[in-house]
Amino acid sequence: MKIITTGGLLLALFLGQELFGQAFKPSKTQFMIRGYGHSGLNYEQIDDNDADLSFVGATFAPIFLFKHSDRLLFEAELEFELEDGEVKVGFEYADFNYVLNKYITVRAGKFLLPFGTFVERLHPAWINRLSTLPLGFGHDGIAPGSGIGVELRGAAPVGSGKINYSLYMVNGPVLVTSAMDPEEAGMLRFENFEDNNGNKAVGGRLGILPLSNSSVELGVSFYNGIAGDAGGEYENVAARLYAFDFSYVKQISAIKGILDIKAQYTKSNVANANYYELSPGDTIPTSYTFTNSSNAYFGQLSYRPSMASGFIKNIEVVGRYSSLSTPEGAEWEQEASQVAFGVNYWLSWRSVLKFSYQVTESVGGHGNAGSSRRTGMYAHWALGF
Amino acid sequence: MSKVRIISTLTAVFLFLVTLYSCEAQKAAASQKTGAQLWGENCIRCHNIPSPGDYNDVDWETIGLHMRIRANLTEDEIDKIVEFMKTVN
């Protein structure tokens, strides 16, 4: 009886191991869903008008990763968010990545542009230390977010530091004309799904990390291309953009925590052109022009006492200043500055409760020549997965 | 304009000082570092340092390839980091 029982147990162990081992045997190809989500409460007031208090967000941004081999990866991100009473779906990127060798990876498809670092690395809600974007990014922003094309990128050690680079060719920007949208005439739109002029925009970024501990990174980016439609009045209107970025992140024992500094300066120059406006009572539009240069910058500093004990080590304070200046004489002329302060509580390395206060002062903007002061308070919960 | 100059100057001085501090703190080139050191120094450049136990070995290989490309890490760095994550998860 004893022998039969022991034999049965051994057989069960053998079969279990075989089944278990087979069930969890890793395959050569891997599929993973990562991403992030966030939700929160916003309180916003413009000048002395009635304030808005609303639950917002419930944003869900899944990132699909398909690792075909040690060299080939496909990545794609969708973004579902509630906006203007409906579910808005964004197709953020979808691209192939192939590691050619130690120093070169080729990427093709729709990808986030390494123009500065904010869009490509820092915009996800669980990474961005504040609940809002700095001025100059997002809607009405002047920095390109994504493009469709091909890119070479990589990194290499240099001395005790390293460099990283990116060089890409994409469909490029589209110039908004008066016929398309009179209020935004002269602006650039970067979501150019089908090239409007056959001229590809060329861009790139060089990042230098001079220190062996990678705590400091300095970056310079450029993005040049024709923006006007082929065969039309604007076919020679070119856009030339550049940016500088800086990053310093380090745990410093003297201050018992992590100091994180990020900054980016973006400049956009678009060739001069004539645009048209129809004044009230007129039947024939009159032309106007302006020097089409914009700039935006932000600086952000955060500190987390990560070497403290107890719940204190999960608290982080953050401050950010940002500014946006758009062309004088444009329908979208604007001078704006924004100050934001926040306190974050990290529930884990990828889950954060963010509380922030923000004041944005601006003059101009779409069809508004006056000045405004927008104050906001935000309580958001963001989670990366 | 003078306000911008003052802020710019103070910022430049501050950045110079923290860079000096970091120069002093640096010890070895990446090729001489362990996966644990590289994990602590590189992930934090964008987000908090991830917990190794949150993903299994296979996941870390996928994440490693993704981060190598997205964060522009060198081959040596990502190989060591992934190996470290797989060892301690």
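Our subject is the structure that appears above.
Chemist: Explain the packing of aromatic side chains here, please?
Modeler: The description of two aromatic rings rests on the distance between their centres and on the angle between their planes. All names here are of chain A. Overall, the coordinates contain 21 aromatic pairs over all chains when judged by the stated rule. Between Phe-137 and Phe-298, the aromatic rings sit 6.0 Å apart at their centres with planes inclined by 75 degrees, giving edge-to-face as the arrangement. With Phe-137 in the loop between helix H2 (118-122) and strand S6 (146-158) and Phe-298 in strand S16 (residues 292-304), the pair connects residues that are 161 residues apart, well separated along the chain. The residues Phe-137 and Phe-298 share a single accessibility class, namely buried. With a centroid separation of 5.4 Å and an interplanar angle of 20 degrees, the aromatic rings of Tyr-275 and Phe-290 are classed as stacked. Highlighted residues: Tyr-275 in strand S14 (residues 275-277) and Phe-290 in the loop between strand S15 (286-288) and S16, separated in sequence by 15 residues. The pair formed by Tyr-275 and Phe-290 is uniform in burial state, with each residue classed as buried.

Chemist: Teacher, can you tell me more about the packing of helix H2 (residues 35-42) of chain B against helix H4 (residues 75-88) of chain B here?
Modeler: Between two packed helices, both the angle of their axes relative to each other and the distance between the axes serve to describe the pair. Residues and elements named next belong to chain B. Following both chains from N to C, one finds H2 and H4 inclined at 105 degrees, their axes separated by 8 Å at the closest point. By the angle between their axes, H2 is roughly perpendicular relative to H4. When H2 is examined against H4, the residues Gly-35, Ala-36, Leu-38, Trp-39 and Asn-42 are found in contact with a partner set consisting of Glu-77, Lys-80, Ile-81, Phe-84 and Met-85. Considered class by class, the residues forming the contact of H2 with H4 number six nonpolar, two polar and two charged.

Chemist: Can you walk me through the environment of Gly-228 of chain A in this structure?
Modeler: Its place among the elements puts Gly-228 of chain A in the loop between strand S11 (216-226) and strand S12 (238-252). With residues up to four places along the chain from it excluded, the contact list for Gly-228 of chain A reads Leu-175, Asn-196, Asn-197, Tyr-234, Glu-235 and Val-237 of chain A.

Chemist: Could you clarify how one ought to interpret the pattern of salt bridges in this entry?
Modeler: Should the charged atoms of two oppositely charged side chains come close, the side chains can pair. If you walk through the whole model with that rule in mind, you get 27 salt bridges over all chains. Close ionic contact of Glu-151 of chain A with Arg-153 of chain A constitutes a salt bridge, the shortest N to O distance being 3.2 Å. The same class applies to Glu-151 of chain A and to Arg-153 of chain A, which are both buried. Between Asp-54 of chain B and Arg-350 of chain A there is a salt bridge, with the nearest N and O atoms lying 3.4 Å from each other. Taken together, the residues span two chains, with Asp-54 of chain B in the loop between H2 and helix H3 (57-70) and Arg-350 of chain A in the loop between strand S18 (334-348) and strand S19 (351-364).

About the cut-offs
Residues numbered from 1 in each chain as written. Chains lettered and ligands numbered in written order. Predicted model: local features only at pLDDT ≥ 70, side-chain atom pairs only at ≥ 80, totals over all residues. Heavy atoms only, no water. Phe/Tyr/Trp six-rings, centres within 6.5 Å; stacked < 30°, edge-to-face > 60°. Helix = DSSP H or I, 4+ residues; strand = E, 2+ residues; numbered from the N terminus. Buried < 20%, exposed > 50% of the residue type's maximum accessible area, 1.4 Å probe, protein only. Axes fitted to C-alpha atoms, helices over the stretch in contact; angles between N-to-C directions. Parallel < 35°, antiparallel > 145°, perpendicular 65-115°, else oblique. Contact = heavy atoms within 4.5 Å. Nonpolar A, V, L, I, M, F, W, Y, C, P; charged D, E, K, R; others polar. Salt bridge = Lys/Arg side-chain N within 4 Å of Asp/Glu carboxyl O.

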